Each structure stands twice: as structure tokens, then as C-alpha cells.
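# Observations on the model geometry
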Amino acid sequence: MTASPAAALSARAQDVSSEIVTDILTLVRHETSSHDLPGLAAGLDLLRELTVHRLGRPDHEQRHPGGACGDTLTLTYAGTGAGHVALVGHYDTVWPAGTLAGWQQPEASADGRDKLSGPGIFDMKTGLAQGIWALKLARESGAPVPGVTFLFNGDEEIGSPSSRPVIEEVARKADASLVLEPTAHGAVKTARKGSGIFRVTASGVEAHAGLAPQDGASAITALSEFVVAAAAVAAPDRGTTINTGLIEGGSATNVVAGQATASVDIRVGSVAEQARVDRELDAIEVSDPRVRIEIEHAWNRPPMTLNAASAPLLGLAREVAREQGRDGLPDAAVGGASDANFVAALGLPVLCGMGAVGDGAHARGEFIYPDTVPAQTALVAGLLGRLAQPSRD
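Keep in mind that this is a model prediction, so the values were computed, not measured.

## Observations concerning the environment of F150
With respect to the secondary-structure elements, F150 resides in strand β5 (residues 147-154). C-alpha separation for the pair F150 and K173, spaced 23 residues apart in sequence, amounts to 13 Å. Ignoring anything within four residues of it in the chain, the contact list for F150 reads L55, L73, T74, L75, Y77, L87, G131, I132 and L135.

Have a look at this one:
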């Protein structure tokens, strides 16, 4: 009996799983910290070479300079069927150069499953390799494939300041965008919090701390009051968290501080919460009126929800998963933000979390389960095939 196309695709992904893992480890072994421009440039060259090795030369490519950030590379491959799909992933990681040297491989999980670990392997170099192989397997299946644009950016971990316009431009030209970020324990990510990093500056009055402390107005004391009040604005039950992660200030222990700054990480689940946080932070008053508080409202990514355009895409992914013998494809809302937030905010169809299965993003010891690589690759390949079919509307 001839295997169904879905079964054949899954079997082929299983056959080449060791090659996919080899490509994953090749990417992981080249460190690409968001703040290491030479490392990012070499890492992007490596990623391009790997893509061309597996898929051939693209029909169009463009390297968008990132300035103080890693460059963004777009590689477009013409399709043989309907539609156009964007496969989006970042190659930068949170890990400083040199981290790899001291990295330890984890033991197998309690159920005996093997793990593979390395800086950026979960977030998100596995997704990059799986995306490349997904198009390769979809082509090899003989079924029509859509046109595909790979977008590889090197600044996602620092907010995508240079790549955001490119992401939005590519997404507008695509019929669907699949973001190859890691899964949520196997679930597709359909909702993400919006995020912002606010810089709060307190400007006080310097004075000698021993001779004339009454003449001073401490920026540090006022900023401390602000930080406590800001924490009270959080509403975890509504998905809103506020964390002051960095504080700097003062000039000497015997000087009443004239300046102090804080960096505040804010996550919200809705536009309404974003507006409330803005309003309530602006309303905070400190006890010493001589201290001026200034807030830089730097919202980075808007909240992502399962919009009307993305719901059918999720349904299509679930159909593909069922055809491939998977027992459902759950979706999840998560606290982190990604480049999918930008696409969803435009009202365009997007699914995030199409990449690795594992855990430990941004934590030493992040890992993947290598036995999930074939199924995840086949899922994206199968979805590409379905998106190449003419609309059933």
C-alpha cells in the first residue's frame, strides 16, 4: 500500500533527522550575541551558506544593514503553487561571546529522552534549521509549494529596532507568516504580551550629605518611591507585570544624589492595559516636589492576539497535524514577545512558535528534544504545501 502524502512527508523528515540536527549544531557552535557585531556578521554568512547549500541560490536576496545591530537578510524562493509565505526567525542570542566554552550538556530527562543543549539552541537556532529543511522537504515531496521568503534578523533579542520595518514589509507581501520561534512545550503560540522598556529619570538637588543634607533633594530616594509605586500598578490577574531591572544613580556616598535612572520592563496583555499603565505611571507623585520625574514611554512590541486573519491559519495547521498523525496541535498564550507581535498588529495572518520543542529560553542549559525535530519540520513542510493550494473560498 502506498503511504499517504502526509505519512510520506513525516517518514522523510524522520530519515533526514540526523542531518537536520547536524545543521542545528553547526549554527549553535557559532556564537551570535546581539551585541557582537563581528560575530553576528559571520553568523549570518554561515546561515546564508547553509540555506543555499540545502535549497540552492535564491531568486532574490537582500541584506539590510542593521547599523548598530545585526543585519537582516531576506532570501526569496519562487514557488510552484499558489501564494507566498514568510518564514521569520532571528539568529541573534542573549548569550555573550565565549559562553559556549563553559557550556555543559544536560542529562537525559526523567523519562529517558535525550536532550541537546547550547546557547541559542532553543531560542531559536533549531527553528532556523527546521524552517530551511521544511522547504526542502516540501519541494522534494513533488507537491506544489508557495513562494517563500526567509527573513533572518540579528536584533530580535534587543527589540528588533532595525529589522521591524523589514519584517512588516515582508509580512504585508505574504499570504501568511510563520515565525520559527520555539514552541510552548509543543504548542503553537497565538497570543503574546506586548512589551516595553521604560527609562525613568529622577533629577534632584545635590548637597553635602553631612554638612547640609536639608539643602539636597535626593533623586535616589524619589526614584525608590517611584519604583515601589510603579510595582503597585502591575495587575498579574490581567496579564500586566512591571519589573524594575536596573537602577543607577548618585555620584558619591557623601553627596545627596542629584540624578538617578531606572529601566523598567513592562508586559501587558491588551491595548487597554497598555493605556492604563501609561496613565497610572504618569500620575505617580513623589514626596519631595523638588525632584523632577521624567518617564520615557518606550513601548517596543504591541500585544499579540489570535486575530481574525490568523484563526484560519491555525485551523489549517491543525488539519496538517492531524493528517501527519499528531494527537492535536494545542495553542498557547505566553508572556514573552516576538516579531510575530508586529505582524499580528497589522491584522495579518501569523502563527508563532513553529520551531523547537524543549525548554529554558534565556537560561543556562536551554535545550531541545532532538526526537521532536522531524515532526516539527514535517509540520511546517506540510503547512507550506497546504498554503500552496488555491483558496477554497
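What follows continues from the structure just given.
## Examining the layout of surface pockets
Of the pockets and cavities examined, the largest pocket occupies roughly 900 Å³. Along its surface, the largest pocket is lined by 39 residues, and E157, D265, R267, R301 and H362 are the ones closest to its centre. For the lining of the largest pocket, the secondary structure elements donating two or more residues are α4 (121-140), β7 (188-192), β8 (194-203), β9 (241-249), β10 (259-268), β12 (299-301) and β15 (358-359). Residues that form the lining of the largest pocket fall into these classes: 13 nonpolar, 14 polar and 12 charged.

## A few points about the sheet that holds β15
Spatially, the 3 strands line up as an open sheet ordered β4-β16-β15, and their pairing is antiparallel. Only two strands of the sheet have a single partner each, and these edge strands are β4 (116-117) and β15. Pairing between β15 and strand β16 (residues 367-368): 2 bridges, direction antiparallel. Paired with G358 across the strands is I368, a residue of β16.

## With respect to helix α1 (residues 5-15)
For α1, the complete set of buried residues consists of A6, L9 and A13. Buried residues of α1, viewed axially, fall in a sector of 65°; they line one side. Where the residues of α1 are buried, they touch α2 (17-28), α4, α8 (310-323) and α10 (373-387).

## Some words on the UniProt feature "domain: Peptidase M20 dimerisation" (unreviewed entry) in the protein
Here the UniProt feature "domain: Peptidase M20 dimerisation" (unreviewed entry) sits at residues 190-281. Structurally, residues 190-281 comprises 26% helix and 35% strand, and the distance from its first C-alpha atom to its last is 29 Å.

## Observations regarding the side chain of K136
Here K136 is to be found in helix α4. In this structure K136 comes out as buried when scored by relative accessible area, which is 18%. Other than its neighbours up to four places away in sequence, K136 contacts R54 and L55.

Conventions we followed
Along each chain, the written sequence defines residue order, and numbers are assigned to residues from 1. Totals for whole chains, interfaces and linings use every residue, but because this is a predicted model, local features are given only for residues with pLDDT of at least 70 and side-chain atom pairs only at 80 or more, for both listing and counting. As a rule here, side-chain values cover all heavy atoms of the structure and leave hydrogens and water aside. The numbering of helices and of strands both runs from the N terminus, where a helix is a DSSP run of H or I of at least 4 residues and a strand a run of E of at least 2. Any two residues whose heavy atoms approach within 4.5 Å at even a single point are treated as in contact. A cavity here means a set of 1 Å grid points, computed over protein atoms only, where a 1.4 Å probe fits but cannot escape. A pocket is an open set with protein on both sides within 12 Å along at least 5 of 7 lines, and lining residues have an atom within 4 Å of a point. Grid points are joined across faces, edges and corners, and a volume is the space filled by probe spheres set on the points. Charged means Asp, Glu, Lys or Arg here, nonpolar means Ala, Val, Leu, Ile, Met, Phe, Trp, Tyr, Cys or Pro, and polar covers whatever is left, Gly included. Think of it this way: DSSP has to see at least two bridges between two strands before they count as a pair. Three labels apply to residues, based on accessible area from a 1.4 Å probe with only protein chains included: buried if under 20% of the type maximum, exposed if over 50%, partly exposed otherwise in between. Each C-beta atom gives one direction from the helix axis, and the arc is the one those directions make. UniProt positions are given in the numbering used here, feature names are shortened, and annotations may be inferred rather than shown by experiment.

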